[in-house]
Amino acid sequence: MSTLTIPGSLPSPADDCEQLHKAFQGWGTNEGLIISVLAHRPAAHRREIRRAYAEIYGEDLLKSLDKELTRDFERAVLLWVMDAAERDAVLANEVVRKWSPGNRVLIEIAVARTADQLFAAKRAYQARFKRSLEEDVAAHTNGDFRKLLVPLVSSYRYEGSEVNTSLAKSEAKMLHEKIKGKDYSDEEVIRILTTRSKAQLLATFNDYKNQFGNPINKDLKSDPKNEFLSVLRAIIRCITCPERYLEKVIRLAINKMGTDEGALTRVITTRAEVDMKQIKELYYKRNNVTLYRSVKKDTTGDYEDFLLALIGHDD
């Protein structure tokens, strides 16, 4: 569920554009006015604001914001104003160009989105970068990671609730055999994880635990330093409970020696209108402190004010 606070009666996009243009005028930018508008408008309305701004002032709103804002605040606002598919395309391109096995952004985009959302992100990627996401992933990764990540971002999973119980049992057994034999990158393991529906995979993971006694992710912890196993576990966590996975991303971003603003910004801007309410609840249960208070403690200035507006006040 969304954590945005939206006025009961929204101003027209043209009125919001006028307020934003006013915030850019004169000596210094009125960051508070920018936050008061953009942090309290739903995605469809932000899209209309951007369209109207280009018509009225002859410039993409993103370009105007880029000229007026700086650092983490600029980054958060720009991502927020983008359409979800465009935002995912930008995030994916950034991580692909600087890819390392420890970066999980591609997994979030490929697994924590619906099939249609991933498809839209790939279309936006092609439109913006004139290449496919798949070819860039293939070009910038290697070995077992390429073998796993290319089909993962190429997938269009079935979204229905139907489950084949006999298939779940047989594939749970197959996964156990491959894991027991440490054949983690076997093509059958990759096929199951990258093509099966989430409902089918949940049934498979349940059967795995019922048949063999351990959750599948516990059996994938045999070598904590193995980055490929870590990627497999991240995929499984995103399938089983993306909110819990993303709560951990935020927790680690805040608990580090020095806040990981990139991860914090990414999760809040991509999930504020999706499941941030559930992420906040999980965060409180896990940490015994509200996410609002943690973000307030670890951030400053306009960046702090903007993120807090997106995640909403504590109830």
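As recorded by an unreviewed UniProt entry, the protein carries the name Annexin and is attributed to Ensete ventricosum. What the UniProt record of the protein gives under Sequence similarities (unreviewed entry) is the line "Belongs to the annexin family."

This part covers the overall build of the protein. Scanning the protein from N- to C-terminus turns up 20 helices and 0 strands. Overall size of the protein, expressed as C-alpha extent along the three principal axes, is 65 × 45 × 35 Å. Partitioning the intrachain contacts of the protein with sequence separation of at least 6 by distance along the chain shows that 70% fall at a separation of at least 24. For the protein, the accessible surface area stands at approximately 15300 Å², while carbon and sulfur atoms represent 49% of it. Each charge class in the protein can be summarised by its mean position, and for the 50 positive and 47 negative side chains these summaries are 5 Å apart.

The UniProt record annotates "binding site: Ca(2+) 3" (unreviewed entry) at Asp298. Structurally, Asp298 is set in helix 19 (residues 291–298). For Asp298, a relative accessible area of 24% corresponds to the partly exposed category. The contact partners of Asp298, leaving out residues within four places of it in the chain, are Ile254 and Thr259.

As recorded in UniProt, the feature "binding site: Ca(2+) 1" (unreviewed entry) lies at Phe24, Gly26, Gly28, Glu68, Ile254, Lys256, Gly258, Thr299 and Glu304. Set against the largest pocket, the annotated residues that line it come down to Lys256. Note on placement: Phe24 falls in helix 1 (residues 13–24). Here Phe24 is in contact with Thr29, Ile34, Tyr53, Leu61, Ser64, Leu65 and Glu68, once residues within four sequence places are set aside. The residue Gly26 is located in the loop between helix 1 and helix 2 (31–38) in this model. Look at Gly26 and you get exposed, because its relative accessible area is 66%.

Bringing the layout of surface pockets into the picture now. Considering only enclosed or pocket space, the largest pocket measures out at about 770 Å³ in volume. Along the walls of the largest pocket sit 29 residues, with Gly102, Asn103, Arg104, Tyr245 and Arg266 positioned nearest its centre. Every element with two or more residues in the lining of the largest pocket is listed here: helix 6 (84–97), helix 7 (105–111), helix 15 (227–240), helix 16 (242–255) and helix 17 (261–271). Among the elements that make up the lining of the largest pocket, the one with the highest residue count is helix 16 (5 residues). Along the lines of polarity and charge, the residues of the lining of the largest pocket split into 9 nonpolar, 6 polar and 14 charged. Together, 27 residues line the second largest pocket, and Arg113, Gln117, Thr270, Arg271 and Val274 are the ones closest to its centre.

Judged by nonpolar contacts, the single largest core of 98 residues is most densely connected at Leu38, Leu65, Leu106, Ile250, Leu264, Val295 and Phe306. For this core, the leading source of residues is helix 15, giving 9 residues.

Scanning the entire structure with this criterion turns up 0 disulfides. In this structure Cys238 is not part of a disulfide, and its nearest cysteine sulfur, from Cys241, lies 9.7 Å away. Relative accessible area serves as the criterion here: at 1%, Cys238 is assigned to the buried category. When its relative accessible area of 22% is taken as the criterion, Cys241 is described as partly exposed.

A separate point is the packing of helix 16 against helix 17. As a packed pair, helix 16 and helix 17 sit with axes 8 Å apart at the nearest point and diverge in direction by 145°. For the crossing formed where helix 16 meets helix 17, the hand is left-handed. Contacts between helix 16 and helix 17 involve Leu246, Val249, Ile250, Ala253 and Ile254 on the former and, on the latter, Ala263, Leu264, Arg266, Val267 and Arg271.

Looking now at the packing of helix 5 (residues 71–81) against helix 6. Running from N to C, helix 5 and helix 6 point in directions that differ by 130°, and their axes come no closer than 8 Å. Put simply, helix 5 runs oblique to helix 6. The residues of helix 6 that touch helix 5, namely those facing Arg75, Leu79 and Trp80, are Arg87, Leu91 and Glu94. Tallied by class, residues from the contact of helix 5 with helix 6 come to 3 nonpolar, no polar and 3 charged.

A word on the pattern of salt bridges. Applying the stated criterion across every chain, the model contains 23 salt bridges. In this structure, Lys67 engages Glu59 in a salt bridge whose closest nitrogen and oxygen atoms are separated by 3.0 Å. For Asp207, the salt bridge identified is with Lys169, shortest N-O distance 3.8 Å. On the criterion of sequence distance, the pair formed by Asp207 in helix 13 (residues 198–212) and Lys169 in helix 11 (residues 165–180) is long-range, its members being 38 residues apart. Residue Asp207 is classed as buried on the basis of its relative accessible area, which comes to 13%. Members of the salt-bridge network, linked through shared partners, are Arg50, Asp60, Glu86 and Arg128.

Rules and cut-offs
- Residues numbered from 1 in each chain as written.
- Predicted model: local features only at pLDDT ≥ 70, side-chain atom pairs only at ≥ 80, totals over all residues.
- Heavy atoms only, no water.
- UniProt positions renumbered as here; feature names shortened; annotations may be inferred.
- Helix = DSSP H or I, 4+ residues; strand = E, 2+ residues; numbered from the N terminus.
- Contact = heavy atoms within 4.5 Å.
- Areas by Shrake-Rupley, 256 points an atom, 1.4 Å probe, with all protein chains shown as cover.
- Lys, Arg positive; Asp, Glu negative; His and termini not counted.
- Charge placed at Lys NZ, Arg CZ, Asp CG, Glu CD.
- Buried < 20%, exposed > 50% of the residue type's maximum accessible area, 1.4 Å probe, protein only.
- 1 Å grid on protein atoms, 1.4 Å probe; cavity = no way out; pocket = protein on both sides within 12 Å on 5 of 7 lines; lining within 4 Å.
- Points joined across faces, edges and corners; volume = space filled by probe spheres on them.
- Nonpolar A, V, L, I, M, F, W, Y, C, P; charged D, E, K, R; others polar.
- Core = buried A, V, L, I, M, F, W, Y, C linked by side-chain atoms within 4.5 Å.
- Disulfide = S-S within 2.5 Å.
- Axes fitted to C-alpha atoms, helices over the stretch in contact; angles between N-to-C directions.
- Left-handed = near helix turned anticlockwise from the far one by under 90°.
- Parallel < 35°, antiparallel > 145°, perpendicular 65-115°, else oblique.
- Salt bridge = Lys/Arg side-chain N within 4 Å of Asp/Glu carboxyl O.

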